[in-house]
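Geometric and topological summary
If you want the building blocks of each chain, they are given just below.
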Amino acid sequence: MPALLEFDRASVCLGQKTVLDSVSFRIEEGEHVAILGPNGSGKSTLIKTITRVIMIKDGRIFRDGEKEDLLTSKSLSELFGMDVKVAERHGYYHLFA
């Protein structure tokens, strides 16, 4: 079964600065994932990349086994509804699908 979300060597640049560099991970359906890190470590950029606010420069992202740029916005919302709860004081994000 394909992963609900998979990053394969995904990189994100903001201006001239590489913010995420060759990030790879898989989230299987039903898994709970926490994104932790100090200020400036790329947590917000990762969330914005997952929700397609920011696009990757290199690498690939798959959602339910399909490459993200092959999916329409409508099919993405049907496939991967995500609620983002931000707890900035504690430095973490809680995502669930």
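Description of the structure in this document. Nothing here was measured: the structure is a model prediction, and the numbers come from that model.

About the thresholds
- Within each chain, residue numbers correspond to sequence positions counted from 1 in written order.
- Residue-level local features of this predicted model are given only where pLDDT is at least 70; pairs of side-chain atoms are given and counted only at 80 or more, and the full residue set underlies all totals for whole chains, interfaces and linings.
- Only heavy atoms go into the side-chain values, all of them from the structure, while hydrogens and water stay out.
- Strand pairing follows a simple DSSP-based rule, namely that at least 2 bridges must link the two strands.
- Only DSSP runs of H or I covering at least 4 residues are called helices, and only runs of E covering at least 2 are called strands; the numbering of each starts at the N terminus.
- To pair, rings of Phe, Tyr and Trp, with the six-membered ring standing in for Trp, must have centres within 6.5 Å; the planes then decide the type, stacked if under 30 degrees apart, edge-to-face if over 60, and tilted in the middle.
- Working definition: with a 1.4 Å probe on protein chains only, accessible area under 20% of the residue-type maximum means buried, over 50% means exposed, and in between means partly exposed.
- Contact definition: two residues touch when any of their heavy atoms are within 4.5 Å.
- Whenever a helix is involved, its axis is fitted only over the stretch in contact; in every case the axis is a line through C-alpha atoms, and angles between N-to-C directions fall within 0 to 180 degrees.

Attention now moves to the pairing of strand S2 (residues 17–27). Inspection of the sheet shows strand S1 (residues 5–14) paired to S2 by seven bridges, in the antiparallel sense. If you follow Leu5 over to S2, its bridge partner there is Ile27. Hairpin connection of S1 to S2: two residues between the antiparallel strands, including Gly15 at a positive phi of 65°.

Turning next to the packing of aromatic side chains. Aromatic rings considered in pairs are described by the distance between their centres and by the relative angle of their planes. Inspection of the entire model under this criterion finds one aromatic pair. Relative to Phe25, the ring of Phe7 lies with its centre 4.7 Å away and its plane at 20°, an arrangement referred to as stacked. Note that Phe7 is positioned in strand S1 and Phe25 in strand S2, a separation of 18 residues in sequence. Note on Phe7: relative accessible area 2%, which makes it buried. You can call Phe25 partly exposed: its relative accessible area is 23%.

As a further point, take the sheet that holds S1. Sheet architecture is open: four strands sit in the order S2-S1-S4-S5, paired in antiparallel fashion. Each end of this open sheet is capped by a strand with a single partner; those strands are S2 and strand S5 (66–67). Pairing analysis gives five bridges linking S1 to strand S4 (residues 58–63), with the strands arranged antiparallel. Bridging from a neighbouring strand, Leu5 pairs with Arg63 of S4. Taken strand by strand, helix H1 (residues 43–50) contacts S1, S2 and S4, and its axis lies near 120° from that of S1.

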